[in-house]
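Topology and contacts: notes
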Amino acid sequence: MSVGTEISVEQLEADPYPIYKQLRAEEPVCFVDSVGLWLVTLWDDVQHVDKSPDVFTGETEPSTLRRTFGANLLASEGAYHSRIRNIIYPWFRVGAIGDYPDNVIAPIANELVDGFADHGGCDLVSEFAEPLSARVLKRALGLSFVEEGTLRRWFVELATGAANFEGDPEKQAIADAASAEVNETLAPVVERLEREPDDTLLSSMVHTEVDGERLTREEIQSNLKVMIVGGLQATTDLIALSMWAILSHPEQLEEVRADPKLVDPAIEEAARWHSPVGTSTRQTTRDVELGGVKLEQGALVAAVLASANHDERNWSEPERYDIHRREGSHLAFATGPHLCIGARLARYETRTAWRVLLDRLPRLRLDPERPIEISGWEFRSPHHLHVQWS
Ligand code: HEM
């Protein structure tokens, strides 16, 4: 009997890593009944899925992403995907956002720390990572005037539609209402930006022309919604998970304090160790064999990035958090044509968060009375991260 018949959603949500380990050993391409997906768990196979969009397409049918956002880059492939990505990508270059760490992110991070520095302790998720990620994203996108709570509500409601695989009309109505609200909010802003460009991603989407191509009004709306859903929670999670990783390894924290050059490898290792985004979801365009298993055309496949990042064939002692690991890059931002477009911004945010927290909170440490709780497999989030300092 297949291992996949015995895996429950609850088990995956609670802690998917032991399940991935079993799947890698026993059935690396496995249909898991409870989630209705083929889970692909080996490093080589995950790479292959992400890098073969002609066979494993992001343009799934039906598509919860297209249904909720409209045509967008994450749910498209080929010439259409390249056109959208080429127009959006320039805003994410160093030349465009290289000043973000000092001029945008650090001031927000410092302001947040000002609010709790003399309390001696806080929840780094709700008091720091969440508001930092929301404020930077608002500034970056060009939605500074939107309330933080509104942005978070849009995220939750749009994500409800993106995850509505069962086609529940009530869930879809929630997502559609949020989608209409975003469109209404954007309309006057886009009109203003047409006349008065600024340095935001929204303005760049309005004005960038590549090979004579621009985005339509609908494409601006749909791709901005993808940025809200892709950019808010995952960045919060990476900031919190990476802080937890280093704080739960105090001897490695001391090394980082002594040598700030270790900050970047320590964050990359945290993204490998506990990846905020667990999977790339794809659909087969034809019958195909993967890892000796026959997949029929139309099969839904989750290439499990989090499992690839723990594959013993690629990493030595993958369960260990080791800031000195030099075994190549991880897959937390995926690979291939859909490689995360916001990775640079997310890295800037996380590095700046570390710099500000370590500089400003002496003897920062975990609160031993309130250990972290983490859940989720497609998106892995800490519910809170209680810390103390002196
Ligand atoms: C730590 C934070 C982040 C993580 C771990 C992450 C992870 C990922 C992953 C794994 C993918 C590929 C999904 C797939 O293959 O199906 C992806 C794509 C994407 N991400 Fe991120 N992301 C993060 C932050 C951001 C930010 C800050 C933004 C935007 C402001 C963003 C926007 C996007 C977009 C638009 C795509 C689709 C790219 C395409 O289809 O060409 N992400 N992200």
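First things first, this report covers the structure right here in the doc. (Residues numbered from 1 in each chain as written. Predicted model: local features only at pLDDT ≥ 70, side-chain atom pairs only at ≥ 80, totals over all residues. Heavy atoms only, no water.)

Focus on the overall build of the protein chain
Rule in force here: In this text, helices come from DSSP runs of H or I with a minimum length of four residues, and strands from runs of E with a minimum of two, each type numbered from the N-terminal end. Here's how the labels work: a residue is buried when its accessible area is under 20% of the maximum for its type, exposed when over 50%, partly exposed in between, all with a 1.4 Å probe on protein chains only. Residues are treated as being in contact if the distance between any of their heavy atoms lies within 4.5 Å.
Regarding its fold elements, the protein chain presents 17 helices and twelve strands. With respect to the three principal axes, the spread of C-alpha positions in the protein chain is 60 × 55 × 40 Å. Every one of the 390 residues in the protein chain was classed for burial, and the buried ones make up 54%. Sequence separation of 24 or more characterises 69% of the internal contacts of the protein chain that already satisfy a separation of 6 or more.

Points about the sheet that holds strand 8 (residues 300–304)
Formally: At least two DSSP bridges between two strands are required for those strands to pair. Helix axes are fitted to C-alpha atoms over the stretch in contact, other axes to C-alpha atoms as well, and angles between N-to-C directions run from 0 to 180 degrees.
Spatial strand order, 1-2-8-5-3: five strands in an open sheet with mixed pairing. This sheet does not close on itself; its edge strands, each paired only once, are strand 1 (29–32) and strand 3 (56–57). In terms of strand pairing, strand 5 (residues 279–284) meets strand 8 through five bridges, oriented antiparallel. Along strand 8, the bridge assignment pairs threonine 281 with alanine 302. In the packing of helix 3 (residues 43–51) onto the sheet, the strands contacted are strand 1, strand 2 (37–40), strand 3, strand 5 and strand 8, and the crossing angle to strand 8 comes to about 125°.

Notes on the nonpolar core
Formally: Nonpolar core, defined: a set of buried Ala, Val, Leu, Ile, Met, Phe, Trp, Tyr and Cys residues in which side-chain atoms within 4.5 Å join the residues together.
Counting 85 residues, the largest nonpolar core has Tyr100, Phe128, Leu132, Met243 and Trp354 as its most contacted members. Counting residues per element, this core draws most heavily on helix 8 (residues 125–141), at nine residues. With sequence-adjacent residues up to four places away left out, leucine 132 is seen in contact with Ile105, Ile108, Ala109, Leu112, Ile239, Glu349 and Ala353. Core analysis: the second largest hydrophobic core is formed by 19 residues, Ala299, Val301, Ala303 and Leu305 among them.

Quick look at the side chain of threonine 41
Within the secondary structure, threonine 41 sits in the loop between strand 2 and helix 3. Residue threonine 41 is classed as buried on the basis of its relative accessible area of 0%. Those residues within four positions of threonine 41 in sequence are excluded, and the remaining contacts are Tyr20, Leu23, Arg24, Pro28, Val46, Val304, Ser307 and Ala308.

Details of the coordination of the iron atom of the ligand
Working reference: metal with six octahedral donors, ideal angles 90 or 180 degrees; metal with four tetrahedral donors, ideal angle 109.5 degrees. The condition that has to hold: Donors, by definition, are the N, O and S atoms found within 2.8 Å of a metal, the threshold being 3.2 Å for Na, K and Ca, and water is not counted, so a site can look incomplete.
What the protein offers the iron atom of the ligand as a donor is a single atom, Cys340 (SG), at 2.3 Å. Examined against the element boundaries, cysteine 340 turns out to sit in the loop between helix 16 (305–308) and helix 17 (343–360).

Brief notes about the sheet that holds strand 4 (residues 121–123)
Backbone hydrogen bonds are what pair the strands of a sheet, in a parallel or an antiparallel way. Strand order in the open sheet formed by three strands is 4-12-9, and the pairing between neighbours is antiparallel. Looking at the sheet topology across the chains shown, the edges are occupied by strand 4 and strand 9 (365–366). As judged from the two bridges shared by strand 9 and strand 12 (residues 386–388), these two strands associate in the antiparallel manner. Pairing of arginine 365 across the sheet is with glutamine 388, part of strand 12.

Considerations on the environment of glutamate 219
The following threshold applies: Definition of a polar contact: a pair of N or O atoms within 3.5 Å, with one able to donate and the other able to accept a hydrogen when the atoms are protein atoms, and with sequence-neighbouring residues admitted only if both atoms are side-chain atoms.
On the secondary structure map, glutamate 219 appears in helix 12 (residues 217–231). Along the chain, glutamate 219 and leucine 73 lie 146 residues apart, while their C-alpha atoms are 9.1 Å from each other. With residues up to four places along the chain from it excluded, the contact list for glutamate 219 reads Tyr80, Arg83, Ile84 and Arg214. In this structure the side chain of glutamate 219 is engaged in a polar contact, spanning 2.8 Å, whose partner is the side chain of tyrosine 80. A distance of 2.9 Å separates the side chain of glutamate 219 from the backbone nitrogen of threonine 216, its partner in a polar contact.

Description of the site of the ligand
Selection rule: The near set for a molecule or strand comprises every residue that places at least one heavy atom within 4 Å of it. Each residue receives one of three labels: charged for Asp, Glu, Lys and Arg, nonpolar for Ala, Val, Leu, Ile, Met, Phe, Trp, Tyr, Cys and Pro, and polar for the others, Gly being one of them.
Near the ligand there are 25 residues, and of these His81, Arg85, Arg282, His338 and Cys340 occur at the shortest range. A distance of 2.7 Å separates an oxygen atom of the ligand from a polar side-chain atom of arginine 282. Histidine 338 has a polar side-chain atom sitting 2.5 Å from an oxygen atom of the ligand. For the shell around the ligand, the secondary-structure elements that each account for two or more residues are helix 5 (78–88), helix 12, helix 13 (233–247) and strand 5. Per-element accounting of the shell around the ligand gives the leading share, four residues, to helix 12. Along the lines of polarity and charge, the residues of the shell around the ligand split into 16 nonpolar, seven polar and two charged.

Some thoughts on the environment of glutamine 22
The residue glutamine 22 is located in helix 2 (residues 17–26) in this model. Between the C-alpha atom of glutamine 22 and that of valine 3, which follows or precedes it by 19 residues, the distance is 8.6 Å. Residue contacts for glutamine 22: discarding those within four places in its chain leaves Val3 and Glu27.

Some remarks on the pairing of strand 8
Most of strand 8 is tucked away, with four of its five residues classed as buried. Across three bridges, the pairing between strand 2 and strand 8 is parallel. In the sheet register, tryptophan 38 faces strand 8, and the bridge partner there is valine 301.

With respect to the packing of aromatic side chains
Quick reminder of the rule: Stacked, edge-to-face and tilted labels apply to pairs of Phe, Tyr and Trp rings (six-membered ring for Trp) whose centres lie within 6.5 Å, assigned for plane angles under 30 degrees, over 60, and everything in between, in that order. Only lysine NZ and arginine CZ atoms are considered, and such an atom sits over a ring when it is within 6 Å of the ring centre and within 35 degrees of the ring normal.
On inspection of all chains with the given rule, the structure shows nine aromatic pairs. When the centroid spacing of 5.9 Å and the interplanar angle of 85° are considered together, the rings of tryptophan 91 and tyrosine 100 count as edge-to-face. When sorted by exposure, tryptophan 91 lands in the same class as tyrosine 100, which is buried. Taking the centre distance of 5.3 Å and the plane angle of 45° together, the rings of tryptophan 273 and tyrosine 321 count as tilted. Here tryptophan 273, found in helix 15 (residues 263–273), pairs with tyrosine 321, found in the loop between helix 16 and helix 17; they are 48 residues apart in sequence, far enough to count as distant. According to the relative accessible area criterion, tryptophan 273 is buried, its value standing at 10%. Sitting over the face of the ring of tryptophan 315, arginine 272 holds its NZ or CZ atom 5.3 Å from the ring centroid.

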